[in-house]
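Listed here are the chains, written in short residue letters.
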Amino acid sequence: MELFFEPNDQIAWDSLISVKNKHDNNSKNKSFLASSTGKGIADIDSNVLCAAISGKNALTSYYYMLNTNKRWRYTTPRRDLPILSTQMPSSSVSRVLIIGAGPTGLLMGCLMRDQGMPVTIIEKREEITRTRCVKLLGEVLSSDELTGGIHLFSENQVEERQKAIDSIQSTLFEKLTSWLELCTPLQTIQKSLQEYFVSSGGQIAIGAQYDISKNLDLLGHYPDTLIIDCTGYHSVLRNRIQPDNLNLRLIEYVLICTFTFDERYECNELCKYYKNKNTRKFRVIPAIDDTYKTGKRQTLVTCLITIDEPIFRAMPKRDLITYSYLKNHQRDIYDDLTIFLNNMSSGQLNKIHFDSMEFIALPLQVYRAKKITHKVVNQNLNQHWVLLGDAAMGGPYFQSISMGYEAAIYLAYIVQQMQNDMEQMMMKYESYMEKLWLALQIRSKDIQRNKQILQYLCANDRNAILEKIKVY
């Protein structure tokens, strides 16, 4: 006898062969034999039921007690009976499990539910804690084959990409389009996608018991399943696919500053130059695509300040970085930031909400998993693992969520087209993500290069500019 505890929503209802009431003490002597045609479900009691499920080498009976979520299992070899199997072909899946209810996981769930696939999202966090704003890049809903003027994707991939975009349901497409137009709080995006997902019949299971990094055995409850890891940079499955499964390249260290400004502020490259013209050492680059109009005459401004590694290492890791901290410990940064703020506000510093000012020091990196798909070799389980979003790859300058959405749209489409041949689907996905990785590197280096040219221009460093533009 083995004792398991399992939430109701994880009972494999689609694998049940027969279900019968269990009311008397002699029920264990009953024979729950399945018909070869399979899924007869009858006389379900609201509190207790018995279910017979076929195994590979035995007929296994599962007794589900719904009111207490307890399950007893016994297995008996039945050499006198033919082995019944509800297994699909090993290259097929019947449902999707998504690990992580972040923005990419939720979008993937919505896309798969719109295709009619049974989808469950599991999330260890009880509540959404992200507070920053994002603005999706135009590439999310574009099949443009050029990246920085370079043809990266094959004609077939470009065609598939366009078909994937065209296949998005209109309501969901309108949501995505609206987030292309202005920077939106991440919580707003997640709540909107969560409501869409649940209303379409998707299930979300939340709690510490769904922390796969501590409870990998939970995945054993999901046979014939496509498992999509959307758990971000600290992916729970990446290094289980293969050890040291990360290709990482540092771009630069930055100090990111956000604050509210009591004016409408729309910045272009000339603005970035002139607002930094008098700075001495550090240039404050406002993120033009991350400017969020919170009101008619109010703007949330996000700025990047490039710093070197010693300064990054000296920044507090637990205590908050504040404007006052910079004044006392990083005076050069404080002075140049004040010059920028004074230029931006035309000397009216009272329009800067210093009480809303937040800082975070980060290493900006481009990275990707060396292998992003995996087939579980246990034929009784038949799982296919896929990394998506930051679990697969990520980059700086507010690109990560956009890249995750771009990949999710493509992945959902090829899953729909190749549901019965998951091995070929994963090969196609690996090939596409290789191109997307190249695109991410090109975009990141292009953004960094242009930012460096602007910084040299503000410092009147003509030689550095000529070295950076490399005229042949």
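Residues numbered from 1 in each chain as written. Predicted model: local features only at pLDDT ≥ 70, side-chain atom pairs only at ≥ 80, totals over all residues. Heavy atoms only, no water.

Going by the annotation in an unreviewed UniProt entry, the name recorded for the protein is FAD-binding domain-containing protein, with Adineta ricciae given as the source organism.

Chemist: Just to check I follow, could you spell out the sheet that holds strand β7 (residues 95-99) for this structure?
Modeler: Where strands meet in a sheet, backbone hydrogen bonds hold them as pairs that are either parallel or antiparallel. If you trace the six strands from one edge of the open sheet to the other, you get β13-β8-β7-β14-β21-β20, paired in mixed fashion. Among the strands making up the open sheet, the edge pair consists of β13 (203-206) and β20 (373-375). Direction aside, the axes of adjacent strands within the sheet are offset by 20° on average. The sheet contact formed by strand β14 (residues 225-229) and strand β21 (residues 383-387) spans five bridges and is parallel. (Pairing = 2+ DSSP bridges. Helix = DSSP H or I, 4+ residues; strand = E, 2+ residues; numbered from the N terminus. Axes fitted to C-alpha atoms, helices over the stretch in contact; angles between N-to-C directions.)

Chemist: Help me understand helix α9 (residues 331-344), please; the structure alone is not making it clear to me.
Modeler: For α9, with 14 residues, the first-to-last C-alpha span of 20 Å sits near the 20 Å given by 1.5 Å per residue. For α9, the complete set of buried residues consists of Ile 333, Tyr 334, Asp 336, Leu 337, Ile 339, Phe 340, Leu 341 and Met 344. One or two positions beyond α9, positive phi appears at Ser 346, with a value near 55°. (Expected span 1.5 Å × (residues − 1). Buried < 20%, exposed > 50% of the residue type's maximum accessible area, 1.4 Å probe, protein only.)

Chemist: Would you explain the packing of helix α1 (residues 103-114) against helix α10 (residues 400-417) in this entry?
Modeler: Packed helix pairs are characterised by how far apart their axes lie and by the angle those axes make with each other. Running from N to C, α1 and α10 cross one another at 25°; their axes reach a closest spacing of 9 Å. With respect to α10, the element α1 is oriented roughly parallel. The interaxial crossing formed by α1 with α10 has right-handed handedness. Two secondary-structure elements touch here, α1 through Pro 103, Thr 104, Leu 107, Met 108, Leu 111 and Met 112 and α10 through Ile 401, Gly 404, Tyr 405, Ala 408, Ile 409, Leu 411, Ala 412 and Val 415. Here the residues of the contact of α1 with α10 are counted per class, giving 12 nonpolar, two polar and no charged. (Parallel < 35°, antiparallel > 145°, perpendicular 65-115°, else oblique. Left-handed = near helix turned anticlockwise from the far one by under 90°. Contact = heavy atoms within 4.5 Å. Nonpolar A, V, L, I, M, F, W, Y, C, P; charged D, E, K, R; others polar.)

Chemist: Mind showing me how you'd approach the nonpolar core here?
Modeler: Here is a general trend for soluble globular proteins: nonpolar side chains tend to be buried in one another's company. Grouped together as the largest cluster of nonpolar side chains are 89 residues, with contacts concentrated most on Leu 411, Met 425 and Tyr 429. Here the element with the most residues in this core is α10; it accounts for 12 residues. For this core, the domains that each give at least three residues are domain 1 (95-245 + 370-449) and domain 2 (250-365). Setting aside its immediate chain neighbours within four residues, Met 425 contacts Leu 226, Leu 411, Ile 414, Val 415 and Met 418. (Core = buried A, V, L, I, M, F, W, Y, C linked by side-chain atoms within 4.5 Å. Domains from an automatic or database assignment.)

Chemist: It is not clear to me how unusual backbone geometry should be interpreted in this structure. Could you clarify?
Modeler: Most peptide bonds adopt trans geometry, and most residues besides glycine take a negative phi value. Residue Asp 224 is not a glycine yet carries a positive backbone phi of 50°. With respect to the secondary-structure elements, Asp 224 resides in the loop between β13 and β14. For Asp 224, a relative accessible area of 6% translates into the label buried. Phi at Phe 398 takes a positive value of approximately 65°, unusual for a residue other than glycine. By the secondary structure assignment, Phe 398 is in the loop between β22 (393-394) and α10. Accessibility expressed as a relative area gives 29% for Phe 398, which makes it partly exposed.

Chemist: Help me understand the pairing of β21 in this model?
Modeler: Within β21, five of the five residues are buried, which leaves it mostly tucked inside the rest of the structure. Side chains Gln 383, Trp 385 and Leu 387 project from β21 onto one buried face, and the interleaved His 384 and Val 386 project onto a second face that is buried too. Alignment of β20 against β21, held across three bridges, turns out to be antiparallel. Paired with Lys 375 across the bridge in β21 is His 384.

Chemist: Would you explain the pattern of salt bridges in this entry?
Modeler: Here the idea is simple: oppositely charged side chains can pair when their charged atoms come close. This model, assessed by the stated rule, comprises 12 salt bridges. Taking the shortest distance from any N to any O, the salt bridge between Arg 125 and Glu 123 comes out at 2.9 Å. With relative accessibility at 32%, the residue Arg 125 sits in the partly exposed group. Glu 406 is paired through a salt bridge with Arg 443; the nearest N and O atoms lie 3.7 Å apart. Of the two residues, Glu 406 sits in helix α10 while Arg 443 sits in helix α11 (residues 422-458), which places them 37 residues apart along the sequence. Assigned by exposure class, Glu 406 and Arg 443 land together as buried. (Salt bridge = Lys/Arg side-chain N within 4 Å of Asp/Glu carboxyl O.)

Chemist: Hey, could you run me through the confidence of the model for the protein in this one?
Modeler: Any segment with low pLDDT has predicted coordinates that should not be analysed in fine detail. On average, residues of the protein score 81 in pLDDT, and 77% of them reach the 70 mark or higher. Put simply, strand β3 (residues 40-41) is where the protein has its lowest mean pLDDT, 37, and α1 is where it has its highest, 97. For the stretch residues 19-89, pLDDT sits under 50, and the model shows 154 contacts to residues farther than four places along the chain or on other chains. (pLDDT = per-residue confidence, 0-100.)

Chemist: Even after reading the chapter, I still don't get the packing of aromatic side chains, so can you show me in this structure?
Modeler: The description of an aromatic ring pair uses the distance of the two centres, along with the angle that the planes make with each other. A full pass over the atoms with the stated rule returns eight aromatic pairs. The interplanar angle of 85° and the centroid separation of 4.9 Å between the aromatic rings of Tyr 233 and Tyr 367 together place this pair among those described as edge-to-face. You can see Tyr 233 sitting in the loop between β14 and α5 (238-241) and its partner Tyr 367 sitting in strand β19 (residues 352-368), a full 134 residues away along the chain. Residue class for Tyr 233 comes out partly exposed when judged on its relative accessible area of 28%. Centre to centre, the rings of Tyr 273 and Tyr 274 are 4.8 Å apart; their planes meet at 75°, and the pair counts as edge-to-face. Among the aromatic residues, ring-to-ring pairing joins Phe 153, Tyr 410 and Tyr 432 into one connected group. The residue whose ring lies beneath Arg 238 is Tyr 233, and the NZ or CZ to ring-centre distance is 5.8 Å. The ring of Phe 312 has Lys 317 lying over it, and the distance from NZ or CZ to the ring centre is 5.2 Å. (Phe/Tyr/Trp six-rings, centres within 6.5 Å; stacked < 30°, edge-to-face > 60°. Lys NZ or Arg CZ within 6 Å of the ring centre and 35° of its normal.)

Chemist: Got a minute to help me understand the packing of α1 against helix α4 (residues 186-199) in this structure?
Modeler: Their axes nearest at 9 Å, the elements α1 and α4 cross at an angle of 25°. The orientation of α1 with respect to α4, classified from their angle, is roughly parallel. Here α1 and α4 pass one another in a crossing that is left-handed. When α1 is examined against α4, the residues Pro 103, Leu 106, Leu 107, Gly 109, Cys 110, Arg 113 and Asp 114 are found in contact with a partner set consisting of Leu 186, Gln 190, Leu 193, Gln 194, Tyr 196 and Phe 197. Considered class by class, the residues forming the contact of α1 with α4 number eight nonpolar, three polar and two charged.

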